[in-house]
Amino acid sequence: MKAIESIRAIVRVTDLELTNWMARYGLVLLRLSLGIVFLWFGALKFFPEMSPAQDLATRTISVLTRGLVTPAVSLPLLASWECIIGIGLVVGRGLRVTLLLLFAQMLGTLTPIVLFPHEVFTKVPFAPTLEGQYIIKNLVLISAGIVVGATVRGGWMLAEPPLYRQPSVADPRGATTRPPSNERRSQSAAAYKLAQTDFD
């Protein structure tokens, strides 16, 4: 029985460590991976026939601008746009502007679903083509951008329910805030100690 309790304590401690690690680094990794995807896919568009999405993208822009923006102009413009988003995310500066560009670009990438449904789906609207899958996966990128956007005012990720509350003008009942670093360390140490109680 003691062995089972010890195993449970080890599992709890391991879970706590892993969850804290993910909370500590998850947002940074999400921002970097999102930036790498935009930078990579954007850079491909500078080279003819390297991006599988370039034909659909340029035709979409041509339709949206009623032919005013030709593929010769729209492709390098789109490539630059995506690279700027990627660099902004990787560097982590000017995130408000970067995310504004991201959401605007994502809105454009979804329009082929309406403009070219028979190229996006083999059976509308249930079975997407390869291009359709490429477009639909942007829903994940949009959600990732929203999560990153939640950090622009100093937000962070909690591994556990908040333990620290203080009154605020906006919410007199108390608003969850990020405790000072020394207090966060104390909370983590307390939680770690609590998880190890079965060893005693």
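Before any of the text, the structure's been laid out above.
Residues numbered from 1 in each chain as written. Predicted model: local features only at pLDDT ≥ 70, side-chain atom pairs only at ≥ 80, totals over all residues. Heavy atoms only, no water.

Draft legend 1. The side chain of E82, seen in detail. Its location among the elements puts E82 in helix 3 (residues 71-91). Polar contacts involving the side chain of E82 include one to the main-chain amide nitrogen of G42, which spans 3.3 Å. Look past the residues within four positions of E82 in its chain and what remains in contact with it is F38, L39, F41, G42, K45 and Q105. (Helix = DSSP H or I, 4+ residues; strand = E, 2+ residues; numbered from the N terminus. Polar contact = N/O pair within 3.5 Å; in protein donor to acceptor, adjacent residues only side chain to side chain. Contact = heavy atoms within 4.5 Å.)

Draft legend 2. A look at the packing of aromatic side chains. Per the stated rule, a full pass over the model turns up 2 aromatic pairs. Ring plane angle 50 degrees and centroid distance 5.4 Å describe the contact between W21 and Y25, whose orientation is recorded as tilted. You can see W21 and its partner Y25 sitting in helix 1 (residues 2-44), 4 residues apart, about one turn around the helix. What makes Y25 partly exposed here is its relative accessible area of 39%. Ring geometry for F41 against Y134: centres 6.0 Å apart, planes inclined by 20 degrees, an arrangement best described as stacked. (Phe/Tyr/Trp six-rings, centres within 6.5 Å; stacked < 30°, edge-to-face > 60°. Buried < 20%, exposed > 50% of the residue type's maximum accessible area, 1.4 Å probe, protein only.)

Draft legend 3. Main features of the side chain of T58. Here T58 shows up in helix 2 (residues 54-64). On the basis of relative accessible area, T58 is assigned to the buried category, the value being 7%. Discounting chain neighbours no more than four positions away, the residues touching T58 are P71, S74 and L75.

Draft legend 4. Quick look at helix 3. Helix length check: helix 3 (21 residues) gives 30 Å between terminal C-alpha atoms against 30 Å at 1.5 Å per residue, within 8%. Every buried residue of helix 3 is listed here: S74, L75, L78, A79, E82, C83, I85, G86, G88 and L89. The secondary structure elements touched by the buried residues of helix 3 are helix 1, helix 2, helix 4 (95-110) and helix 8 (138-149). Among the residues trailing helix 3, G92 stands out with phi positive, at a value near 80 degrees. (Expected span 1.5 Å × (residues − 1).)

Draft legend 5. Structural context of the pattern of salt bridges. Considering all chains together, one arrives at 4 salt bridges under this definition. A salt bridge links K45 to E82, with the nearest nitrogen and oxygen atoms 3.1 Å apart. Residue K45 is located in the loop between helix 1 and helix 2, and its partner E82 is located in helix 3; the two are separated by 37 residues in the primary sequence. Here the two residues K45 and E82 agree in accessibility, since each one is buried. E119 is the salt-bridge partner of R59, the closest N and O atoms lying 2.5 Å from each other. (Salt bridge = Lys/Arg side-chain N within 4 Å of Asp/Glu carboxyl O.)

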